[in-house]
Amino acid sequence: MTLNGLVLKCIGGLYTVKTDNEIIQCQARGRFRKDGISPCAGDQVRIKKDGNSTGVLAEVFPRKNYLVRPPISNLDKLFVISSVLAPAANKLLIDKAIAVAELSGIEPVVVFTKADLGSAEELYRIYQRSGIECCVASVVSGEGVQQVRQLAQDGICAFIGNSGVGKSSLMNAAFPGLNLKTGEISQKLGRGRHTTRQVELYELFSGGYIADTPGFSTFDMERYNVTDKDQLILGFRDLNSYTGECKFSSCSHTCEKGCAVLKAVKEGKVPASRFESYVAMYNEIKGVKQWEQKSKLV
Ligand code: GDP
Ligand code: ZN
């Protein structure tokens, strides 16, 4: 029998697939490796059921989007989590995660956690002005938890942010049934960077899915397929809204005369930190390209 389903997780080559009525454990035959497709959580698939609740993956349907590490596809929203303090927020990391989401066609949502420890006002102002959905949250005071729950209840959502910023605590507070390990326990179990644990999607009562994404914390752009410096501006919606007025169509928006983005930054229309992140990322991508070119010459 052939059925369509959603891959919830993959452990050791065994895929857990949710169909309309049941959960089926599937093997993937060698074919996928040959085609260069590695099925992952979030994939919409066609399966052939061959037993009571077992089957074989037959086809992976085209993906809306795909993030490499950890592997997950078809995300609707990426929650970029940053604590106000402990650890202090890093705007470059926030902007990288937002850009990765934007360039992948995933809606970013920025959440400032641990608001009980310090003020999120400056951060909130920067991102709210950029037109990105933002919230301020604390699992201690309960602030923002309801808002996060509402924003995350549809589609497939994942939470990204460095270890210790409060991702698991916030997901647990918003969706108590998840019961994710937090803090010290999670570190002991190796939910940190070097973990081998895999992504897992949890179904919510609302019908949406939340991804538990251990190790979803490094924003190495090469890894996330952000390699085209000329496209990078599309990852910064606030800066991008000025590019139509730049004097040169080849403008890189980093230093040119007649650049409308630079002008907007100087006039205080766009937060300087957003522009600084853009330039840092632009130079990083340029560096990668140069290195690649050199290595090709050798
Ligand atoms: P993760 O690594 O991003 O999943 O972070 P955790 O959820 O494991 O939280 C890391 C640490 O921060 C734990 O000790 C939590 O108790 C603490 N923490 C999480 N959220 C908050 C918060 O809103 N306020 C305060 N004060 N501490 C928090
Ligand atoms: Zn420009």
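Residues numbered from 1 in each chain as written. Chains lettered and ligands numbered in written order. Predicted model: local features only at pLDDT ≥ 70, side-chain atom pairs only at ≥ 80, totals over all residues. Heavy atoms only, no water.

### Some remarks on the nonpolar core
Residues Leu75, Phe112, Tyr127, Leu201, Leu232 and Tyr278 are the most contacted members of the largest nonpolar core, which totals 54 residues. With residues near it in sequence (within four places) discarded, Tyr278 still touches Leu232, Ile233, Phe236, Leu239, Ser252, His253 and Thr254. The next biggest cluster of nonpolar side chains, apart from the first, holds 21 residues, and it includes Ile81, Val109, Cys135 and Leu204. (Core = buried A, V, L, I, M, F, W, Y, C linked by side-chain atoms within 4.5 Å. Buried < 20%, exposed > 50% of the residue type's maximum accessible area, 1.4 Å probe, protein only. Contact = heavy atoms within 4.5 Å.)

### Concerning the pattern of salt bridges
With the rule as written, the count across this model stands at 16 salt bridges. Residue Arg46 is joined to Glu59 by a salt bridge in which the shortest nitrogen-to-oxygen separation is 2.9 Å. With a gap of 13 residues between them, Arg46 in strand 4 (residues 44-49) and Glu59 in strand 5 (residues 54-60) connect regions that are remote in the sequence. Owing to a relative accessible area of 28%, Glu59 belongs among the partly exposed residues under this scheme. The partner of Lys64 in a salt bridge is Asp76, and the shortest N-O contact between them spans 2.7 Å. Of the two residues, Lys64 sits in the loop between strand 5 and strand 6 (66-67) while Asp76 sits in the loop between strand 7 (72-73) and strand 8 (77-83), which places them twelve residues apart along the sequence. Residue class for Lys64 comes out exposed when judged on its relative accessible area of 56%. In this structure Asp76 comes out as partly exposed when scored by relative accessible area, which is 29%. (Salt bridge = Lys/Arg side-chain N within 4 Å of Asp/Glu carboxyl O. Helix = DSSP H or I, 4+ residues; strand = E, 2+ residues; numbered from the N terminus.)

### A short note on the coordination of the zinc ion (ligand 2)
Protein coordination at the zinc ion (ligand 2): the donors are Cys246 (SG), Cys251 (SG), His253 (ND1) and Cys259 (SG), at 2.1 to 2.4 Å from the metal. Here the zinc ion (ligand 2) binds four donor atoms, and the angle range of 99 to 120 degrees at the metal identifies the geometry as tetrahedral. One chain supplies every donor to the zinc ion (ligand 2), and in sequence these donors are spaced C-x4-C-x1-H-x5-C. By relative accessible area, which is 8% here, His253 ends up buried. (Donors = N, O, S within 2.8 Å, 3.2 Å for Na, K, Ca; no water. Tetrahedral: all angles 85-135°; square planar, octahedral: opposite > 155°, others 65-115°.)

### Some words on unusual backbone geometry
Note the cis peptide between Ala86 and Pro87, where omega equals -5 degrees. Notably, Ala86 is not glycine yet its phi reads approximately 55 degrees, a positive angle. Turning to its location among the elements, Ala86 is positioned in the loop between strand 8 and helix 2 (91-104). Assessed through its relative accessible area of 47%, Ala86 is described here as partly exposed. Despite not being glycine, His253 shows a phi value in the positive range, around 60 degrees. Mapping His253 onto the fold places it in the loop between helix 7 (237-240) and helix 8 (260-266).

### Examining the environment of Pro70
Within the secondary structure layout, Pro70 lies in the loop between strand 6 and strand 7. A C-alpha to C-alpha distance of 6.9 Å links Pro70 and Thr213, two positions 143 residues apart in sequence.

### Here's the deal with the packing of aromatic side chains
The tally for this structure, following the rule as stated, stands at four aromatic pairs. An angle of 45 degrees between the planes, with centres 5.9 Å apart, marks the rings of Phe112 and Tyr127 as tilted. Remark: Tyr127 occurs in helix 3 (residues 121-129) and Phe112 occurs in strand 9 (residues 107-113); sequence separation between them is 15 residues. Judged by its relative accessible area of 0%, Tyr127 falls in the buried class. What links up through ring pairs into an aromatic cluster is the set Phe236, Tyr278 and Tyr282. When the ring centre of Tyr66 is taken as reference, the NZ or CZ atom of Arg63 above it lies at 4.6 Å. (Phe/Tyr/Trp six-rings, centres within 6.5 Å; stacked < 30°, edge-to-face > 60°. Lys NZ or Arg CZ within 6 Å of the ring centre and 35° of its normal.)

### Observations concerning the confidence of the model for the protein
Detailed reading of the predicted coordinates is not advisable wherever pLDDT falls low. With 87% of its residues at a pLDDT of 70 or more, the protein shows a mean pLDDT of 88. By mean pLDDT, the top-scoring element of the protein is strand 9 (98), and the lowest-scoring one is helix 6 (residues 183-188) (52). Below a pLDDT of 50 lies the segment residues 188-196, which in the model reaches 15 contacts outside its immediate sequence neighbourhood of four places, other chains included. Scored below 50 in pLDDT, residues 294-298 makes zero contacts in the model with residues more than four places away or belonging to other chains. (pLDDT = per-residue confidence, 0-100.)

### Comments concerning the packing of helix 2 against helix 3
The N-to-C vectors of helix 2 and helix 3 enclose an angle of 30 degrees; their axes lie 13 Å apart at closest approach. The angle between the axes of helix 2 and helix 3 places the two elements in the roughly parallel class. The handedness of the crossing between helix 2 and helix 3 comes out as right-handed. Counting all contacts with helix 2, which are made through Lys91, Ile94, Asp95 and Ile98, the residues of helix 3 involved are Glu122, Leu123, Ile126 and Tyr127. (Axes fitted to C-alpha atoms, helices over the stretch in contact; angles between N-to-C directions. Parallel < 35°, antiparallel > 145°, perpendicular 65-115°, else oblique. Left-handed = near helix turned anticlockwise from the far one by under 90°.)

### Some details on the pairing of strand 10 (residues 133-136)
Both strand 9 and strand 10 contribute to a ladder of four bridges, which runs parallel. Looking at strand 10, one finds that Val109 is bridged to Glu133. Regarding the hand of the β-α-β motif, the stretch spanning strand 9, helix 3 and strand 10 is right-handed. (Pairing = 2+ DSSP bridges. Right-handed = clockwise from strand over helix to strand, strands pointing away.)

### Here's the deal with the environment of Thr16
Mapped onto the fold, Thr16 is located in strand 2 (residues 14-18). Considering only alpha carbons, one finds Thr16 and Glu200, 184 residues apart in sequence, at a separation of 9.4 Å. Discounting residues that sit within four places of it in the chain, Thr16 has contacts with Leu6, Val7, Leu8, Lys9, Ile23, Ile24 and Gln25.

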